[in-house]
Structure formats: C-alpha cells, structure tokens
Amino acid sequence: MESIKKLLKTDQFHEIIDNKNTHVQYLKYLVKQVGDQKMRLSQRLDILYIVFSHNAFASKYKMNKSQILDDLNQLNSNIKIKNIHIKVDPSILESRKKSTVKISAHAKNIWNKIHETLEDSPLKDFFLKKHD
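Description of the structure in this document. (Residues numbered from 1 in each chain as written. Predicted model: local features only at pLDDT ≥ 70, side-chain atom pairs only at ≥ 80, totals over all residues. Heavy atoms only, no water.)

Before going further, it helps to examine the pattern of salt bridges. Two side chains with opposite charge may pair up if their charged atoms get near one another. Following the criterion strictly, the structure yields two salt bridges and no others. Arginine 40 is the salt-bridge partner of aspartate 89, the closest N and O atoms lying 3.5 Å from each other. Remark: arginine 40 occurs in strand β1 (residues 40-44) and aspartate 89 occurs in the loop between β3 (83-88) and α5 (105-117); sequence separation between them is 49 residues. A salt bridge links lysine 82 to aspartate 46; its shortest N-O distance comes to 3.6 Å. Of this pair, lysine 82 sits in the loop between α4 (65-75) and β3 while aspartate 46 sits in the loop between β1 and β2 (47-52), and the two are 36 residues apart along the sequence. A residue is classified by how much of its surface remains accessible, and lysine 82, at 65% relative accessible area, is exposed. Among the residues examined, aspartate 46 registers a relative accessible area of 24% and is labelled partly exposed. (Salt bridge = Lys/Arg side-chain N within 4 Å of Asp/Glu carboxyl O. Helix = DSSP H or I, 4+ residues; strand = E, 2+ residues; numbered from the N terminus. Buried < 20%, exposed > 50% of the residue type's maximum accessible area, 1.4 Å probe, protein only.)

Put into structure tokens, the structure is as follows:
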C-alpha cells in the first residue's frame, strides 16, 4: 500500500496518465488519417510502433508517412517521435478468429430428432449441413 501512495505522490503517476492521453490523441489522429479502427500503438523512447490490421491501411500510411510524423509531433510537444515502425497483423481482427464451438450430446439429440421429423422436407439438407 505504501508503494501505491508513493506512486501517487510522485510525478511518475502523472507521467503515466500523460502518456496514455498522448496515445489516445495519436490513435484518434491515425484513425482519422488512415482509417484503421483496429490498429494498436506502442511507444519506446522516441519510436512509435503501429500494428495495422490490413495491408491497405499500411500502404495508405506509407504514402503520407512524413506528413503523419510531423502532425504527431505537433500534437504533443513533450515527446518528439523520430521514427515510426509499422507491422501488419490481421489476427487483431475479431472477424478472422475461428470459433471452436463443440456440439453437446443434448444438441446432437435435438438435431437427430429434427432430421427424423423432416425426412421428406426440403429443409432436411439444410439441417444436415448444420449438423456436420
């Protein structure tokens, strides 16, 4: 508990909050310029690391790299960014994740009963595809 009190009394706590606010400003600006809602940012010293979700966003960034770097440095006068490294990682999209849903034994019984009930129905093929 004492360490938390010391942290709150020092300037480190304010520095952490300022850095978070700066990253939020950077993120808002980059979303406005590039358009990638799913990008992630991190920063080490004077280098900003950006992870884009698609190549299209990365190439859009590359076309305006010098302008974006200048604008980001104008947003915050405390931290000057000298370089920006980018990476494309499509796994940050939720839509690309594959669902791993297993059908329970009870659900299988329900599908089997539906299959028996709809033996001559055109919906039979639809339910068989869902069951497999």
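With mixed pairing, the three strands of this open sheet are ordered in space as β1-β2-β3. With one partner strand each, in any of the chains shown, β1 and β3 form the two edges of the open sheet. Each adjacent strand pair in this sheet contributes to an overall mean axis angle of 20°, direction not counted. Against the sheet, helix α3 (residues 55-63) touches β2 and β3, its axis set at about 160° to β3. (Pairing = 2+ DSSP bridges. Axes fitted to C-alpha atoms, helices over the stretch in contact; angles between N-to-C directions. Contact = heavy atoms within 4.5 Å.)

Let us look at α3. Along α3, the residues classified as buried are Phe57, Ala58 and Tyr61. Looking straight down α3, one finds its buried side chains confined to an arc of 100°; they lie on one side. Every exposed residue of α3 that faces more than 90 degrees away from the buried side is listed here: Asn55, Ala56, Lys62 and Met63. (Arc of directions from axis to C-beta.)

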